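Examining the three-dimensional arrangement
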Amino acid sequence: MATIRDVARLAGVSVATVSRVINQKDSVNPETAGQVLKAVEQLQYEPNAVARGLAGKKMGIIALILPDILNPFFPALARGVEDVAHKKGLTVILGNSDDLGLKESSYIKVLKKKYVDGFIIASNTIREEDVESLRKEGIPIVLLDRGLNTTACPVIRSNNREGAKLAAHHLLGQGCQRIAHIYGPQEFITARERLLGYEEVVQGSKGYSPSLMEPGHFDIDSGRKAVEQLFARHPNIDGIFAGNDLMAIGALKALRERGIQVPEQVKVCGFDGIGLTEITEPELTTVAQPIYEMGRLAAQILLDEIESGISGNSLIELDVTLIPRKSTMKEES
Ligand code: RIB
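Residues numbered from 1 in each chain as written. Predicted model: local features only at pLDDT ≥ 70, side-chain atom pairs only at ≥ 80, totals over all residues. Heavy atoms only, no water.

1. Details of the site of the ligand
In the neighbourhood of the ligand, the contacting residues comprise Asn 71, Phe 73, Phe 74, Asp 145, Arg 146, Thr 190, Arg 194, Phe 218, Asn 244, Asp 272 and Gln 289. Contacts to the ligand include Arg 194, whose side-chain N or O atom sits 2.7 Å from an oxygen atom. With the chains in place, 100% of the 280 Å² that the ligand exposes on its own is no longer accessible. Counting only elements with at least two residues in the shell around the ligand, the list comes to α5 (73-87) and α9 (189-202). Residue composition of the shell around the ligand, by class: three nonpolar, four polar and four charged. Residue assignment places the shell around the ligand across two domains, with domain 2 (61-158 + 291-320) and domain 3 (160-289) each supplying three or more. (Near = heavy atom within 4 Å. Polar contact = N/O pair within 3.5 Å; in protein donor to acceptor, adjacent residues only side chain to side chain. Areas by Shrake-Rupley, 256 points an atom, 1.4 Å probe, with all protein chains shown as cover. Helix = DSSP H or I, 4+ residues; strand = E, 2+ residues; numbered from the N terminus. Nonpolar A, V, L, I, M, F, W, Y, C, P; charged D, E, K, R; others polar. Domains from an automatic or database assignment.)

Here it is as structure tokens:
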């Protein structure tokens, strides 16, 4: 990546002259300006680096890239980010990556040119080199939730494995013996960790079988379909731990369609703690993530770095909370 100094050297002028040309200051004679612009073009210099490096100004904008705000988990995350940014007088630009690497990298490229002061990204597609490249350009970044495990920047997520163990232990404690797990896409570290937590607890139990696990896509329909597959293999399932609340809601729908009583015949537990879990029939037991706090903390860490220029790289795993509700309640003995 060419620097402002490379442009100045090639054009045979000072760095300050390059800045004046880039920022269209009229104090530069046309011939010199032409030399500078020719050098910028030849080196394919990124104009936003000039704005950042020389002007040193902050634009008061941060970018938040999330997988899909149609999943209620993400708007709660965004709210935490926006409340902190707003208090500091900053604006948040939101983008949906749909977990597509190309869409995400084009967002990053475009938003860099808009001089955003920093990025918060909940992504399973961002690569170590993408993070390193932003850091080298002096652009702060914080990874949230699905972000890769990296030491190149701060990462904030819930303690997914412990949360899954909470769910599995709860279902065992409620008398379940054949507990199925509908797991999220394994390219997401959050889904992988939940599957590992579930296995760590149930593998010792007598009802365990690897065929009690079924993949889903963190949405309602895949939760519903997963129940069809699971009950075709194991009609005697008496507990279901779904890797997120939307899949758990889909599971409730499928069980109702099959005339199976929840919690009397099958107990169901989700993961996330989205608001919908309070209005399902029956109300859904879930492992609640501190969603708003995750967003708030990510924004706080990013803003601290923007202001101080000191970059961190801590991995912060926040505790989760089991919220027992009717969908796992034991029958009155
Ligand atoms: O519901 C969406 C899921 O994707 C959540 O569990 C969250 O942790 C993210 O990984």
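2. Structural notes on the pattern of salt bridges
Once their charged atoms are close, side chains differing in charge can pair, the charge on each being opposite to the other. Scanning all chains against the criterion turns up 20 salt bridges. Arg 9 is the salt-bridge partner of Asp 6, the closest N and O atoms lying 3.2 Å from each other. Of this pair, Asp 6 and Arg 9 both sit in helix α1 (residues 4-11), three residues apart, roughly one helical turn. With relative accessibility at 25%, the residue Asp 6 sits in the partly exposed group. (Salt bridge = Lys/Arg side-chain N within 4 Å of Asp/Glu carboxyl O. Buried < 20%, exposed > 50% of the residue type's maximum accessible area, 1.4 Å probe, protein only.)

3. Observations regarding the packing of helix α8 (residues 160-173) against α9
At a closest axis distance of 7 Å, the pairing of α8 and α9 adopts a crossing angle of 40°. One element, α8, and the other, α9, form an angle in the oblique class. Between α8 and α9 lies a crossing of right-handed hand. Side by side, α8 and α9 meet where Asn 160, Arg 161, Ala 164, Lys 165, Ala 168, His 169 and Leu 172 of the first sit next to Thr 190, Glu 193, Arg 194, Leu 196, Gly 197, Tyr 198, Glu 200, Val 201 and Val 202 of the second. In terms of residue class, the contact of α8 with α9 is made up of seven nonpolar, four polar and five charged. (Axes fitted to C-alpha atoms, helices over the stretch in contact; angles between N-to-C directions. Parallel < 35°, antiparallel > 145°, perpendicular 65-115°, else oblique. Left-handed = near helix turned anticlockwise from the far one by under 90°. Contact = heavy atoms within 4.5 Å.)

4. Considering the packing of aromatic side chains
Overall, the coordinates contain three aromatic pairs when judged by the stated rule. Arranged with centres 5.0 Å apart and planes meeting at 85°, the rings of Phe 73 and Phe 74 form a pair that is edge-to-face. Taken together, a centroid distance of 5.9 Å and an interplanar angle of 25° make the contact between Phe 188 and Phe 218 stacked. Of the two residues, Phe 188 is situated in the loop between β6 (179-183) and α9 and Phe 218 in the loop between β7 (213-215) and α10 (220-233); the sequence distance between them amounts to 30 residues. Across the pair, exposure class does not vary: Phe 188 and Phe 218 are buried alike. (Phe/Tyr/Trp six-rings, centres within 6.5 Å; stacked < 30°, edge-to-face > 60°.)

5. Quick look at the nonpolar core
By size, the foremost hydrophobic cluster in this structure holds 70 residues, and its most contacted members are Ile 120 and Ile 240. Counting residues per element, this core draws most heavily on helix α12 (residues 291-308), which supplies nine residues. Among the domains, domain 2 (61-158 + 291-320) and domain 3 (160-289) are the pair contributing at least three residues each to this core. What Ile 240 contacts, discounting residues up to four positions off in sequence, is Leu 171, Ala 180, Ile 182, Val 227, Phe 231, Leu 255, Val 266, Lys 267, Val 268 and Cys 269. Core analysis: the second largest hydrophobic core is formed by 16 residues, Ala 63, Ile 108, Ile 126 and Val 131 among them. (Core = buried A, V, L, I, M, F, W, Y, C linked by side-chain atoms within 4.5 Å.)

6. Observations regarding the packing of α10 against helix α11 (residues 245-257)
When two helices pack together, their arrangement is given by the angle between the helix axes and by the axis-to-axis distance. Close contact between α10 and α11 brings their axes to 6 Å; oriented N to C, the two are set at 50°. If you check the angle between α10 and α11, you find them oblique. The handedness of the crossing between α10 and α11 comes out as right-handed. In this structure, α10 contributes Ile 220, Ser 222, Gly 223, Arg 224, Val 227, Glu 228 and Phe 231 to the contact, and α11 contributes Leu 246, Met 247, Ile 249, Gly 250, Ala 251, Lys 253, Ala 254, Leu 255 and Glu 257. Counted by class, the contact of α10 with α11 contains nine nonpolar, three polar and four charged residues.

7. Observations concerning the sheet that holds strand β3 (residues 118-121)
Strand order in the open sheet formed by six strands is β2-β1-β3-β4-β5-β11, with parallel pairing between adjacent strands. Pairing within the sheet leaves two strands with one partner each, and these edge strands are β2 (91-96) and β11 (315-318). Ignoring which end each strand starts from, the neighbouring axes of this sheet average 20° apart. Direction of pairing for strand β5 (residues 155-158) relative to β11: parallel, over a ladder of four bridges. Note on β11: the bridge partner recorded for Ser 158 is Leu 318. On top of the sheet, helix α6 (residues 101-113) reaches β1 (61-66), β2 and β3; it is set at about 160° to β3, its chief contact. (Pairing = 2+ DSSP bridges.)

8. Description of the domain arrangement of the chain
Annotation of the chain at the domain level lists domain 1 (1-35), domain 2 (61-158 + 291-320) and domain 3 (160-289). Computed over C-alpha atoms only, the centres of domain 1 and domain 2 are separated by 33 Å.

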